[in-house]
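Survey of secondary and tertiary structure
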Amino acid sequence: MRFLIVLAGPITNFLFAIIVFGALFATNGEPQTPPIVARIVAGSAAQAAGLQPGDEIERIAGRTITYFEDISPIVMIRPGERLDMVVKRHGRELTLAATPKPEVIHDRFGNTYTQGLLGIGSGASVFVKLSPMEIPGAAVRKTVET
């Protein structure tokens, strides 16, 4: 019985977060960042690959890109590895290859690791209206992400 009482607290917090996100999505829509390149860092892997502002990234390393936030997890774990990308430029699909530049990171615990950097920046988020049937799923998804 104590287990259920202890479990009720975290479950209530998750349910409350789902309700709050659901209310926000119902009134404002869901914030989404399209996978469109807004800026290129000079001397970056993206510039060397030929990416240009306005390019829409559709696939990287065979994985479909839906949101700009989908790019980082793919690139970060592949420093120095050639990545094939499919981008849409002026309505045409192009295949480009980029090799993320390795960046050595030192955390506060003394650990060192290397991550890949592409050198692109996103544009502004847009708010996408959701149907009443889409709101619960989006609210649960955002709660899990958070």
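Everything below is about the structure shown above.
To keep things clear, this report deals only with the structure shown in the data block. Chains are numbered independently. Their residues run from 1 in the order of the written sequence. pLDDT decides what is reported in this predicted model: residues at 70 or higher carry local features, side-chain atom pairs at 80 or more are listed and counted, and totals for whole chains, interfaces and linings draw on all residues regardless. Heavy atoms from the whole structure form the basis of all side-chain values; hydrogens and water molecules are not counted.

**A few points about a nonpolar patch on the surface**
On the surface, a cluster of nonpolar side chains totalling about 770 Å² of accessible area is made up of Met-1, Phe-3, Leu-4, Ile-5, Leu-7, Ile-11 and Leu-15. Looking at the element boundaries, Leu-4 is found in helix H1 (residues 2-28). Classification of Leu-4 as exposed rests on a relative accessible area of 53%. The patches described consist of residues with a relative accessible area above 30% and no salt bridge, like charges being joined within 9 Å and nonpolar side chains (Val, Leu, Ile, Met, Phe, Trp, Tyr) within 5 Å. Here the Shrake-Rupley method, with its probe set to 1.4 Å, supplies the accessible areas, and only the displayed protein chains count as covering residues. Salt bridge criterion: a side-chain nitrogen from Lys or Arg within 4 Å of a carboxyl oxygen from Asp or Glu. Going along the chain from the N terminus, every DSSP run of H or I of four or more residues is numbered as a helix, and every run of E of two or more is numbered as a strand. For every residue, the accessible area (1.4 Å probe, protein chains only) is compared with the maximum for its type, and the residue is labelled buried under 20%, exposed over 50%, or partly exposed between those bounds.

**What about the sheet that holds strand S3 (residues 56-60)?**
Strand pairing requires that DSSP identify at least two bridges connecting the strands. Judged by pairing direction, the sheet is antiparallel, and its four strands sit side by side in the order S4-S3-S5-S6 without closing on themselves. A single partner strand is all that each edge strand has here, and the edge strands are strand S4 (63-64) and strand S6 (92-98).

**Remarks on the packing of H1 against helix H4 (residues 135-145)**
Close contact between H1 and H4 brings their axes to 8 Å; oriented N to C, the two are set at 125°. As the angle between them shows, H1 and H4 are arranged oblique. In terms of crossing hand, the pair formed by H1 and H4 is right-handed. Facing H1, whose interface residues are Phe-14, Ala-17, Ile-18, Phe-21, Gly-22, Phe-25 and Ala-26, H4 presents Ile-135, Ala-138, Ala-139, Val-140, Lys-142 and Thr-143. In terms of residue class, the contact of H1 with H4 is built from ten nonpolar, two polar and one charged. With axes taken as lines fitted to C-alpha atoms, and helix axes fitted only over the stretch in contact, angles between N-to-C directions fall between 0 and 180 degrees. Working rule for angles: under 35 degrees goes down as roughly parallel, over 145 as roughly antiparallel, 65 to 115 as roughly perpendicular, anything else as oblique. Here is the rule for handedness: rotate from the far helix to the near one, and if that takes an anticlockwise turn smaller than a right angle the crossing is left-handed, while a clockwise turn gives right-handed. Should any heavy atoms of two residues lie within 4.5 Å, those residues are counted as being in contact. When residues are sorted by character, Ala, Val, Leu, Ile, Met, Phe, Trp, Tyr, Cys and Pro go into the nonpolar class, Asp, Glu, Lys and Arg into the charged class, and all the rest, Gly among them, into the polar class.

**With respect to the environment of Thr-27**
Inspection of the secondary structure puts Thr-27 in helix H1. Thr-27 sits 99 residues away from Val-126 along the chain, and the two C-alpha atoms are 14 Å apart. Within polar-contact distance, the side chain of Thr-27 engages the backbone oxygen of Leu-24 at 3.2 Å. A 3.5 Å cut-off defines polar contacts: any pair of N or O atoms within that distance qualifies, except that in protein one atom must be a possible hydrogen donor and the other a possible acceptor, and neighbouring residues in sequence count only when both atoms are side-chain atoms.

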